[in-house]
Amino acid sequence: MSTHRNVELPRADPTPTAPVRHALANGATWEGVDVLRYKQDPGVPFKDVTRQVLFQQPTLGCELRYFEVAPGGYSTLERHEHSHAVLILRGTGRCLVGDAVHLLGLHDLVHIPAMTWHQFRAGPDQPLGFLCMVNQQRDRPQLPTAAEQAALADHPAIAAFLAGPELPLP
Ligand code: MN
């Protein structure tokens with residue numbers, strides 16, 4: 001007589017992926033991975049950003065996305081309860097995290113804590129591509145009010161960052 005019980009196993013991922021998806025020659029796209037619009041919501045400000053969902057795994061509870069900001073482009077200035085873990089994979093740029101602006105180079109790691117204003121900007125002459133790990137279940141991003149945006153711009157470095165386009169990066 002079997003002693004096996006019906007054990008609740010993790011469900012298979014609804015969107016199984018090939019064990020290996022090769023990167024294409026530009027290092028910024030992968031076999032069988034669609035290049036998507038950055039955000040679907042109308043009226044959310046951003047410029048020249050694409051999104052690719054590399055892993056979307058309920059068993060891990062997280063997603064890994066690749067975003068690429070074209071030269072002169074920028075992601076949405078936003079904050080939310082969930083956090084981000086970011087790895088720069090291509091190009092250079094700058095990011096705002098809280099009240100500080102940081103230069104970004106290849107393989108730099110960025111942690112965006114909960115409820116912290118953040119934005120990524122590419123320089124004028126090169127893209128900024130990055131991996132972003134995020135919870136699969138997450139709250140919707142909040143945009144700054146006019147007053148909150150004005151408070152950020154009280155910092156000269158942030159005002160210069162938000163004004164773009166940037167000077168060429170060193
Ligand atoms: Mn975000």
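Residue positions are counted from 1 within each chain, in the order its sequence is given. Residue-level local features of this predicted model are given only where pLDDT is at least 70; pairs of side-chain atoms are given and counted only at 80 or more, and the full residue set underlies all totals for whole chains, interfaces and linings. In computing side-chain properties, one takes all heavy atoms of the structure into account and sets aside hydrogens as well as water.

## Focus: the pattern of salt bridges
- Any Lys or Arg side-chain nitrogen located within 4 Å of an Asp or Glu carboxyl oxygen qualifies as a salt bridge. Under the definition given, this model contains five salt bridges.
- The shortest N-O distance in the salt bridge between glutamate 78 and lysine 39 comes to 2.3 Å. Of this pair, glutamate 78 sits in the loop between strand 3 (62-74) and strand 4 (84-91) while lysine 39 is found in the loop between strand 1 (36-37) and strand 2 (47-57), placing the two residues 39 residues apart along the sequence. Both residues of the pair, glutamate 78 and lysine 39, belong to the buried class.
- Note that arginine 79 is salt-bridged to glutamate 148, the shortest N-O span being 3.3 Å. Of this pair, arginine 79 sits in the loop between strand 3 and strand 4 while glutamate 148 sits in helix 1 (residues 146-153), and the two are 69 residues apart along the sequence.
- Note on exposure labels: buried denotes an accessible area under 20% of the residue type's maximum, exposed denotes more than 50%, and partly exposed covers the range between, all computed with a 1.4 Å probe on protein chains only. Taking relative accessible area as the criterion, arginine 79 reaches 19% and is therefore assigned buried. Numbered from the N terminus, helices here are DSSP runs of H or I no shorter than four residues, and strands are runs of E no shorter than two.

## Comments concerning the coordination of the manganese ion
- Here a donor is any nitrogen, oxygen or sulfur atom (N, O, S) within 2.8 Å of the metal, with 3.2 Å used for Na, K and Ca; water is not among the atoms considered, so some sites may look incomplete. At the metal site, the manganese ion is ligated by Glu78 (OE), His80 (NE2), His84 (NE2) and His118 (NE2), and these contacts range over 2.0 to 2.3 Å.
- Sequence spacing among the residues donating to the manganese ion works out to E-x1-H-x3-H-x33-H.
- Residue histidine 80 is classed as buried on the basis of its relative accessible area of 1%.
- Take histidine 84: its relative accessible area is 7%, and that puts it in the buried class.

## With respect to the packing of aromatic side chains
- Stacked, edge-to-face and tilted are the three classes for Phe, Tyr and Trp ring pairs, Trp counted by its six-membered ring, which pair at centre distances within 6.5 Å; planes under 30 degrees apart are stacked, over 60 edge-to-face, the rest tilted. Per the stated rule, a full pass over the model turns up five aromatic pairs.
- For the pair phenylalanine 120 and phenylalanine 130, a centre-to-centre distance of 4.5 Å together with 25° between the ring planes defines the contact as stacked. Of the two residues, phenylalanine 120 is situated in strand 8 (residues 118-122) and phenylalanine 130 in strand 9 (residues 128-135); the sequence distance between them amounts to ten residues.
- Three or more aromatic residues link up through ring pairs in this structure, and these residues are Tyr38, Phe46, Phe67, Phe120 and Phe130.
- Whether a charge lies above a ring is judged from NZ of Lys or CZ of Arg, which has to be within 6 Å of the ring centre and within 35 degrees of the ring normal. Here arginine 121 stacks its cationic end above the ring of tyrosine 74, 4.3 Å away from the centre of that ring.
- Of note, arginine 121 hangs over the ring of phenylalanine 161, and the distance from its end group to the ring centre comes to 5.3 Å.

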